[in-house]
Amino acid sequence: RQRGPRLSALPAHLLQNIVSKHSSQFRGNAQHDALEFLLWLLDRMHEDLGAGSPAQQTHVPEEVGGPCRVAAHPGSREDVHARSSLTCPHCLKQSNTFDPFLCISLPIPLRQTRALNVTLVLQCERRRFVRVGLAVPLLGTVAELREMVAREGRVPPEQVILAEVSPRGFLRSLGDAEELGAAGEGAPLYAFQPPPATHSGTAPSALPLVGSCLPASLGRGVSPLSRLSPAVPRFGPPLVLREERGVSWEQLQQSILSQLRALLRGEVRAQGAGALFRIRLAGGSSPCAYLSPQDPHPLCHPAVDRALQLSGAGGPPHVKLTVEWDMSTKERLFGNIQEEVVQDAESVRLQQQAHQQQHSCTLDECFQLYTKEEQVLGTLP
């Protein structure tokens, strides 16, 4: 064939006349899609080059491996073909199909992680009440998050309790089998590490307890064991302790006060003072279950057993408690202290900054996603 002028050297009106002679869809002065025109042009060039080759091949043999191959035609052209393989999972028979292509619509990989802040409440003073930022997988499970928190805090994963804590108290604990999609969306996420079993002489069978302090208003004539909506959000840092199931109310009250010693205005005589606060179980089957000061062993109550069963798989079995203070008692012992002050680690800023930026990917990552093996669902005849 005679070699004609280059397309780039043709004036626009001459190029339009040539295209109009070979394709009626591009006649006239209407606007057309640039990709559609490019595909048409490549297809016509593909046909013309193929027709000018005396050794044109209509079949690409399957012997050559790889997802793409090039079959050379002597003296004329090269055809690029893509191989599509389908393997039956039952008989393992493989079927290969080779198709020529002019262009490929590549998928763009989406971001696979999201930024999640977790407040560490660990036994190590250096990592106690520190908020860290993590890049958690979008399709991961809580078990993966527990592993990440354990590495961040340098503690064993089986010692990590994950729970959502709102300004009104505990919402829920997170079990390992749960998906990470909704973790931390209902309330800020906390990671607790209970004291070791040998701490302060406690036995291995001692029960881990996590709690928060909440001011609650009591109206006149209201029973001390009834609950009204709390007037103000919780105050002070969360409590983490370990106690025997057989402790008395006085012993449990003393342990809680010892956790709050740094916040108290002065010394508090717990012995003989009666019940200074109420203790409500969080996360149990009953929405309003309180431990009774008259119970000789309040942690042996059946409601505690039910709360243990609902604590979720993953981490140590534990009980969540909300310590509710009368407003006047709270003001007298703690003043106007509000929610705990948490220090943000540098990772919080870095993860937020990284996930706010526009997601980018390489062309190689697009090809890897395009050629990724897929499971095709079907039915047997």
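Rules used throughout
Each chain has its residues counted from 1, following the order in which its sequence is written. Under the rules for a predicted model, residues below a pLDDT of 70 receive no local features and side-chain atom pairs below 80 are neither given nor counted, while totals for whole chains, interfaces and linings still include all residues. Processing note: side-chain calculations cover all non-hydrogen atoms of the structure and skip hydrogens and water entirely. Only strands joined by at least two bridges in the DSSP assignment are considered to pair. Segments assigned H or I by DSSP are reported as helices when at least four residues long, segments assigned E as strands when at least two residues long, and all are numbered from the N terminus. Axes here mean lines fitted to C-alpha atoms, for a helix over just the part in contact, with angles spanning 0 to 180 degrees between N-to-C directions. By definition, residues are in contact when any of their heavy atoms lie within 4.5 Å. Any Lys or Arg side-chain nitrogen found within 4 Å of a carboxyl oxygen on Asp or Glu counts as a salt bridge. Each residue's exposure class comes from its accessible area (1.4 Å probe, protein chains only) as a fraction of the maximum for that residue type: buried when under 20%, exposed when over 50%, partly exposed otherwise.

Q: Can you break down the sheet that holds strand β10 (residues 235-243) residue by residue, with the values?
A: Across the sheet, five strands lie side by side as β10-β9-β13-β11-β12; this open sheet has mixed pairing. Either end of the sheet is taken by a strand with one partner, and the two such strands are β10 and β12 (289-291). Between one strand axis and the next, the sheet turns by 35 degrees as a mean value, whatever way the strands run. Pairing between strand β11 (residues 278-282) and strand β13 (residues 319-326): five bridges, direction antiparallel. Its bridge partner being in β13, I279 is matched across the sheet by V323. In this fold helix α6 (residues 327-334) packs onto β9 (207-216), β10 and β13, with an angle of close to 90 degrees to the strand it touches most, β13.

Q: Mind laying out the environment of L35, listing which residues take part and the relevant values?
A: Along the chain, L35 falls in helix α2 (residues 34-51). For the pair L35 and C103, spaced 68 residues apart in the sequence, the C-alpha separation amounts to 10.0 Å.

Q: Describe unusual backbone geometry, and please don't skip the residues or the numbers.
A: Backbone geometry at L92 places phi at a positive 65 degrees, although glycine is not the residue there. Within the secondary structure, L92 sits in the loop between β2 (78-87) and β3 (94-100). Not every positive phi belongs to a glycine, and R154 is a case in point at roughly 55 degrees. Residue placement: R154 occurs in the loop between α3 (142-153) and β6 (161-166).

Q: Describe the pairing of strand β7 (residues 169-173), with residues and values.
A: Remark: a regular strand shows side chains that alternate across the two faces of the sheet. Two elements, β6 and β7, share four bridges in a ladder whose sense is antiparallel. By the bridge assignment for β7, V165 is matched with F170.

Q: Give me the lowdown on the pattern of salt bridges, citing residues and values where you can.
A: According to the stated counting rule, one finds nine salt bridges in the structure shown. Residue R349 is joined to E346 by a salt bridge in which the shortest nitrogen-to-oxygen separation is 2.3 Å. Remark: E346 and R349 occur in helix α7 (residues 346-356); sequence separation between them is three residues, near one turn of the helix. On the basis of relative accessibility, which here comes to 43%, the residue R349 falls in the partly exposed class. Its relative accessible area of 46% is what places E346 among the partly exposed residues. Several salt bridges converge on common partners, so that one network encompasses E164, R172 and E178.

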